[in-house]
Amino acid sequence: MAKSKSKRIGIFTAGGDCPGLNAAIRGVAKAARRKYGIEVIGIYDGFQGLIENRWRALDWDDLSGILTIGGTMLRTSRTKPHAYQLPGGETIDMTAQAYENYRSLGLDCLVILGGGGTQRNALRLVEAGCNVITLPKTIDNDIAGTDVCFGYDTAVTIGTEAIDRLHSTADSHKRIMVLELMGNKSGWLALGAGVAGGADAILIPEIPFDIEVVADSIRDRDRQGKRFSIVAVAEGAEPRGGFADDEEYEHAGEGHHVGTRVGRRLEVLTELEARVTILGYVQRGGSPTPADRLLATKLGTASADLLAEGTYNVMVASRGEGWKALPLEDVAGERRTVPLDHAWVRAARLIGTSFGDE
Ligand code: F6P
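Residues numbered from 1 in each chain as written. Predicted model: local features only at pLDDT ≥ 70, side-chain atom pairs only at ≥ 80, totals over all residues. Heavy atoms only, no water.

1. Brief notes about the overall build of the protein
Alright, step 1. Scanning the protein for helices and strands turns up 14 helices and 13 strands.
Alright, step 2. Relative to a compact globule of 358 residues, whose C-alpha radius of gyration would be 21 Å, the protein shows 22 Å and is just as compact.
Alright, step 3. C-alpha extents for the protein along the principal axes are approximately 75 × 45 × 35 Å.
Alright, step 4. Burial status across the protein gives 55% buried among its 358 residues.
Alright, step 5. Sequence separation of at least 24 residues holds for 72% of the intrachain contacts in the protein that already meet a minimum separation of 6.
Alright, step 6. Summed over its atoms, the accessible surface of the protein is roughly 15200 Å², and 48% of this surface lies on carbon and sulfur atoms. (Helix = DSSP H or I, 4+ residues; strand = E, 2+ residues; numbered from the N terminus. Rg over C-alpha atoms; globule rule 2.2 N^0.38 Å. Buried < 20%, exposed > 50% of the residue type's maximum accessible area, 1.4 Å probe, protein only. Contact = heavy atoms within 4.5 Å. Areas by Shrake-Rupley, 256 points an atom, 1.4 Å probe, with all protein chains shown as cover.)

Listed below in structure tokens is the structure:
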């Protein structure tokens, strides 16, 4: 106990922001200070602030009133320590500088809140000599080892609400409505929002689609007298064989958004009017849902326990109602994709949702 009281840690957020980061910062810092007497300093702008030595001590006032606030009070960047960008655009490896600053700040550990790329970059700091604990955040929900990432539930909620709202305008105009959701190379976000919102077709990277199959399912609905169809498309979804060699898709280009391409092709194939919504960064903004606040608080406070006992170089994964510390090296570089037999996929198929594959 006496030993843990003298500890000093740094905390930062890296990669794309998401709702729940402030809740997690609050969980880490309040529990670390209150229960274990650990001094907490906040490092600004992710790995960039560590390299440039920009930080300040976090006191109680900093940690009040932030639970419900979106974004990150510590701000973030996509800077990678091994590929730090100089003003001219050239990149250099600043991992040694990051380690040097960690040492000169007298830190016992860095708590790093980030997504898949951040887990890899955090491991690089471990290899350079830093102690690290990471927390899994991302709206993409694609980090290996954890049941779920914070930020995901909020983004699914926003995506679901968008689908709910598209229903009434789709029905009024008798249209196909295509909604493109984020998610990077995984389909969790489109799948979650698609199932929760009752989308008629859900297209995800894990299940390459045939646009003719999607069009067939929409024609079927039209024949049944349904006035609209909603298609939820993950930004990483691709047709079988990819877009590259398909001239039809080339003509439907427009910024190369998969949503736009799918919408234009469906309009041609079904002769029904289609409209496209690219939901974009709305999915990353605003206040976290209660589920994300709970998750971020659970994982944040769990990391304080690990800091106190000196368990380092792990990611704090959510497991059921509890959590588990996983070796960072087992997690970094792994992507959690949607299993083809996932219960949500099966449930959606059973109620007639098309994934564009059968
Ligand atoms: O990883 C979160 C995410 O929002 C992805 O869904 C998306 O592909 C990407 O970040 C967008 O990145 P940026 O904020 O750099 O535009």
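And the narrative resumes.
2. Description of a negative patch on the surface
Alright, step 1. A contiguous patch of negative charge, built from Glu127, Glu329, Asp330 and Glu334, is present on the exposed surface.
Alright, step 2. Here glutamate 127 is to be found in helix α6 (residues 116-128). (Patch = residues over 30% accessible without salt bridge, like charges linked within 9 Å, V, L, I, M, F, W, Y side chains within 5 Å. Salt bridge = Lys/Arg side-chain N within 4 Å of Asp/Glu carboxyl O. Lys, Arg positive; Asp, Glu negative; His and termini not counted. Charge placed at Lys NZ, Arg CZ, Asp CG, Glu CD.)

3. Quick look at the pairing of strand β12 (residues 314-319)
Put simply, side chains in a regular strand alternate between the two faces of the sheet.
Alright, step 1. Taken across its 6 residues, β12 has 5 buried, putting it largely inside the fold.
Alright, step 2. Here strand β7 (residues 132-136) pairs with β12 via 2 bridges, running parallel. In the sheet register, threonine 134 faces β12, and the bridge partner there is methionine 315.
Alright, step 3. The sheet contact formed by β12 and strand β13 (residues 322-327) spans 6 bridges and is antiparallel. Considered in β13, the bridge of valine 314 is made with proline 327.
Alright, step 4. Here β12 hands over to β13 after 2 residues, with glycine 320 in that stretch at a positive phi of 55 degrees. (Pairing = 2+ DSSP bridges.)

4. So, the site of the ligand
Alright, step 1. Neighbouring the ligand are Arg78, Ile139, Asp140, Met182, Gly183, Asn184, Glu235, Tyr281 and Arg284.
Alright, step 2. One of the side-chain nitrogen or oxygen atoms of glutamate 235 is found 2.5 Å away from an oxygen atom of the ligand.
Alright, step 3. With the chains in place, 72% of the 400 Å² that the ligand exposes on its own is no longer accessible.
Alright, step 4. Within the shell around the ligand, the residues separate by chemical class into 3 nonpolar, 2 polar and 4 charged.
Alright, step 5. Counting residues domain by domain, the shell around the ligand receives three or more from each of domain 1 (8-151 + 288-320) and domain 2 (155-284 + 340-350). (Near = heavy atom within 4 Å. Polar contact = N/O pair within 3.5 Å; in protein donor to acceptor, adjacent residues only side chain to side chain. Nonpolar A, V, L, I, M, F, W, Y, C, P; charged D, E, K, R; others polar. Domains from an automatic or database assignment.)

5. Focus on the sheet that holds strand β8 (residues 176-181)
Alright, step 1. Spatial ordering of the open sheet is given by β9-β10-β8-β11, a layout of 4 strands whose pairing is parallel. What marks the edges here is a single partner per strand, and that holds for β9 (201-203) and β11 (274-278). Averaged over all neighbouring strand pairs, the angle between strand axes comes to 15 degrees, with direction disregarded.
Alright, step 2. Taken together, the 6 bridges between β8 and strand β10 (residues 229-234) define a ladder with parallel strand orientation. Bridging from a neighbouring strand, leucine 181 pairs with alanine 234 of β10.
Alright, step 3. In this fold helix α7 (residues 152-173) packs onto β8, β10 and β11, with an angle of close to 165 degrees to the strand it touches most, β8. (Axes fitted to C-alpha atoms, helices over the stretch in contact; angles between N-to-C directions.)

6. Quick notes on the domain arrangement of the protein
Alright, step 1. Per the domain assignment, the segments of the protein are domain 1 (8-151 + 288-320) and domain 2 (155-284 + 340-350).
Alright, step 2. Distance between the C-alpha centres of domain 1 and domain 2: 34 Å.
Alright, step 3. Opposite the 11 residues of domain 1 that make contact, domain 2 presents 10 residues.
Alright, step 4. Of the roughly 820 Å² buried where domain 1 meets domain 2, counting both sides, 50% is carbon and sulfur surface.
Alright, step 5. Of all residues in domain 1, Asp17, Ile139 and Asp140 bury the most surface against domain 2, accounting for 54% of the area lost on that side.
Alright, step 6. One can count 1 salt bridge joining domain 1 with domain 2. (Buried area = accessible area lost by both parts, 1.4 Å probe.)

7. A short note on helix α5 (residues 95-104)
Alright, step 1. Among the residues making up α5, those that are buried are Thr95, Ala98, Asn101 and Tyr102. Down the axis, α5 shows its buried residues gathered within 125 degrees of arc, on one side only. Exposed positions of α5 whose direction lies more than 90 degrees from the buried face are Ala96, Arg103 and Ser104.
Alright, step 2. For α5, the elements touching its buried residues are α3 (47-52), β6 (109-114) and α6.
Alright, step 3. Directly beyond the C-terminal end of α5, a positive phi value near 70 degrees is found at glycine 106. (Arc of directions from axis to C-beta.)

8. Thoughts on the pattern of salt bridges
Alright, step 1. Applying the stated criterion across every chain, the model contains 19 salt bridges.
Alright, step 2. In this structure, the salt-bridge partner of arginine 275 is glutamate 273, at a minimum N-O distance of 3.4 Å.
Alright, step 3. Look at glutamate 273 and you get partly exposed, because its relative accessible area is 33%.
Alright, step 4. Within the structure, one salt-bridge network assembled from shared partners comprises Asp45, Glu52, Arg54 and Arg75.

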